[in-house]
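Each chain is listed here by its residues.
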Amino acid sequence: MKRVFSGIQPSGDIHLGNYLGAIRNWVLLLDQYDCIFCIVDYHAQTIPYDPQAMPRRVMNAAVANMAAGIDPKRCRLFVQSHVKEVTELAWILGCVTPLGDLERMTQFKSKTQEHQLGSNLGLLAYPVLMAADILLYKAELVPVGDDQIQHLELAREICRKFDSTFGPVFPEPQPLLTKTSRVMGIDGKTKMSKSLNNTIGLLETEEQVWSKLKVAVTDENRKRRTDPGNPLVCNVFTIHQGFTQDSQIAQIDKECRSAGIGCVDCKKILARNLEAVMAPMRERARHLESPPDEVRQILDEGASACREIAVRVMDEVRVATGLRDARRQQ
Ligand code: ADP
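Residues numbered from 1 in each chain as written. Predicted model: local features only at pLDDT ≥ 70, side-chain atom pairs only at ≥ 80, totals over all residues. Heavy atoms only, no water.

Colleague: So what about empty space enclosed by the protein? Which residues, and what values?
Modeller: The final tally for this structure, using the stated rule, is one cavity of 30 Å³ or more. Its boundaries defined by the atoms lining it, the largest cavity holds a volume of some 100 Å³. Of the residues that constitute the lining of the largest cavity, the class distribution is eight nonpolar, two polar and two charged. (1 Å grid on protein atoms, 1.4 Å probe; cavity = no way out; pocket = protein on both sides within 12 Å on 5 of 7 lines; lining within 4 Å. Points joined across faces, edges and corners; volume = space filled by probe spheres on them. Nonpolar A, V, L, I, M, F, W, Y, C, P; charged D, E, K, R; others polar.)

Colleague: Can you tell me about the packing of helix α4 (residues 85-94) against helix α14 (residues 292-321), naming the residues and giving the values?
Modeller: Where α4 contacts α14, the two axes come as close as 10 Å, and the packing angle between them is 30°. Relative to α14, the element α4 lies roughly parallel. Seen from above, α4 lies across α14 with left-handed handedness. On α14, the residues touching E85, E88, L89 and I92 of α4 are R307, A310, V311, M314, V317, R318 and T321. (Axes fitted to C-alpha atoms, helices over the stretch in contact; angles between N-to-C directions. Helix = DSSP H or I, 4+ residues; strand = E, 2+ residues; numbered from the N terminus. Parallel < 35°, antiparallel > 145°, perpendicular 65-115°, else oblique. Left-handed = near helix turned anticlockwise from the far one by under 90°. Contact = heavy atoms within 4.5 Å.)

Colleague: Could you give an account of the packing of aromatic side chains, with specific residues and numbers?
Modeller: The full count for this structure, using the stated rule, is six aromatic pairs. With 5.2 Å between their ring centres and 50° between their planes, F162 and F170 make a pair best called tilted. With respect to burial, F162 and F170 carry one shared label: buried. Here the aromatic cluster, defined as three or more aromatic residues joined through ring pairs, consists of F5, F78 and Y137. (Phe/Tyr/Trp six-rings, centres within 6.5 Å; stacked < 30°, edge-to-face > 60°. Buried < 20%, exposed > 50% of the residue type's maximum accessible area, 1.4 Å probe, protein only.)

Colleague: Break down the layout of surface pockets for me, with residues and values.
Modeller: Sizing a probe to match a water molecule and rolling it over the atoms shows the empty space that remains. As a volume, the largest pocket reaches approximately 950 Å³. Contributing to the lining of the largest pocket are 44 residues, with N18, Q107, D147, Q148 and K191 lying nearest its centre. Broken down by secondary-structure element, the contributors of at least two residues to the lining of the largest pocket are β1 (3-8), α1 (16-29), α6 (106-114), α8 (126-136), β4 (141-144) and α9 (149-166). Residue composition of the lining of the largest pocket, grouped by class: 14 nonpolar, 22 polar and eight charged. In this structure, the second largest pocket spans a volume of roughly 390 Å³. Lining the second largest pocket are 19 residues, with A90, L121, G122, A125 and V128 sitting closest to its centre. At the level of elements, α2 (41-44), α4, α5 (99-103), α7 (121-124) and α8 are the ones that each hand at least two residues to the lining of the second largest pocket. When residues in the lining of the second largest pocket are grouped by element, the largest group, four residues, is from α4.

Colleague: Account for the nonpolar core, with residues named and values stated.
Modeller: L16 and F37 are the most contacted members of the largest nonpolar core, which has 58 residues in total. Of the residues that make up this core, three or more belong to each of domain 1 (3-183 + 291-329) and domain 2 (204-287). What L16 contacts, discounting residues up to four positions off in sequence, is M192, I200, L202, I239, F243, L274 and M278. (Core = buried A, V, L, I, M, F, W, Y, C linked by side-chain atoms within 4.5 Å. Domains from an automatic or database assignment.)

Colleague: Lay out the domain arrangement of the chain in plain terms, naming residues and giving numbers.
Modeller: Domain boundaries in the chain define domain 1 (3-183 + 291-329) and domain 2 (204-287). Spacing between the C-alpha centres of domain 1 and domain 2 amounts to 32 Å. Between domain 1 and domain 2, the buried area comes to about 900 Å², and carbon and sulfur atoms account for 73% of it. The tally of links between domain 1 and domain 2 comes to zero salt bridges. Applying the counting rule to domain 1 against domain 2 returns two residue pairs in polar contact (both at pLDDT 80 or more). Elements represented by at least two residues in the side of domain 1 that touches domain 2 include exactly α1 and α3 (54-67). (Buried area = accessible area lost by both parts, 1.4 Å probe. Salt bridge = Lys/Arg side-chain N within 4 Å of Asp/Glu carboxyl O. Polar contact = N/O pair within 3.5 Å; in protein donor to acceptor, adjacent residues only side chain to side chain.)

Colleague: Now, about the pattern of salt bridges: what can you tell me, with residues and values included?
Modeller: Overall, the coordinates contain 21 salt bridges when judged by the stated rule. Note that R282 is salt-bridged to E275, the shortest N-O span being 2.7 Å. Judged by its relative accessible area of 22%, R282 falls in the partly exposed class. Between D315 and R324 there is a salt bridge, with the nearest N and O atoms lying 2.8 Å from each other. In this structure R324 comes out as buried when scored by relative accessible area, which is 18%. Three or more residues joined by partner-sharing salt bridges are found here, namely E153, R156, E157, R160 and E172.

Set out below in structure tokens:
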């Protein structure tokens, strides 16, 4: 079985963008591949964060993933910082990564601007750590949304550079692109993202969801109820694609274009369809959270299985890079 690796940041509540762009597709891979899914807490340190909140956020991310269908019996689910070898590999990979490639990453530029960070080495090196995540487990496939394609391309390049200099050690990871388009935030302008306060959380209640959905930006050219709308420029319509049956989507598309329904009607249909998916998830989350040590134990088991792989791979890397003499015992 080919190995799959993907990660999710515990920088806030897991949201609909994460579900449609990542988790829902990960669930479909569970039986076809040897899957490793990671809560990337080192990555979440690249923007300002509250250290007191981090442990809870990590647990919430684990619970949300499992409630959404990531079954830890059919994959390994673990926390990035529990396998510290990744930081060593990131250092080594950083030494074959051109600075210019990191500086041109759009996420580095946009996050630096959003958080007014000035120069932060962690944010600059984010794709190197991502390459280390993937290569440490010799993953061959990486499911990503389109927001991560640029980073994955760089990870592939880092892999080629490492292998041509010291290898061969690593297989070159390939993207497994998710079909869902990028989900925008309720502001309709920026990508829905945990770090932007524009999300609808996957485990939020019906009331919380509606309070956000009712103010969500739709087609901005549709000023009055009687104006025809354009679903192609409406983020609510994008979210419908993930939660609404095709026949109903076709109906909404038609009625929106002819002003047969207004944005509030369209949002009410979406709210109902969201609730049908989210209510069982909340229920599963409640069960998962009731014995709190169980989730912790699942993450510990995931980390120890991953550590076994990581230790072996790092041994190879140390020999390949001359940090360890192959003729000597460690
Ligand atoms: P965030 O920006 O919310 O912190 P992450 O960096 O943790 O998201 O991304 C985890 C996964 O979710 C990635 O595979 C990413 O492609 C996907 N993803 C994140 N935000 C969106 C979005 N708004 N639309 C579609 N996919 C997304």
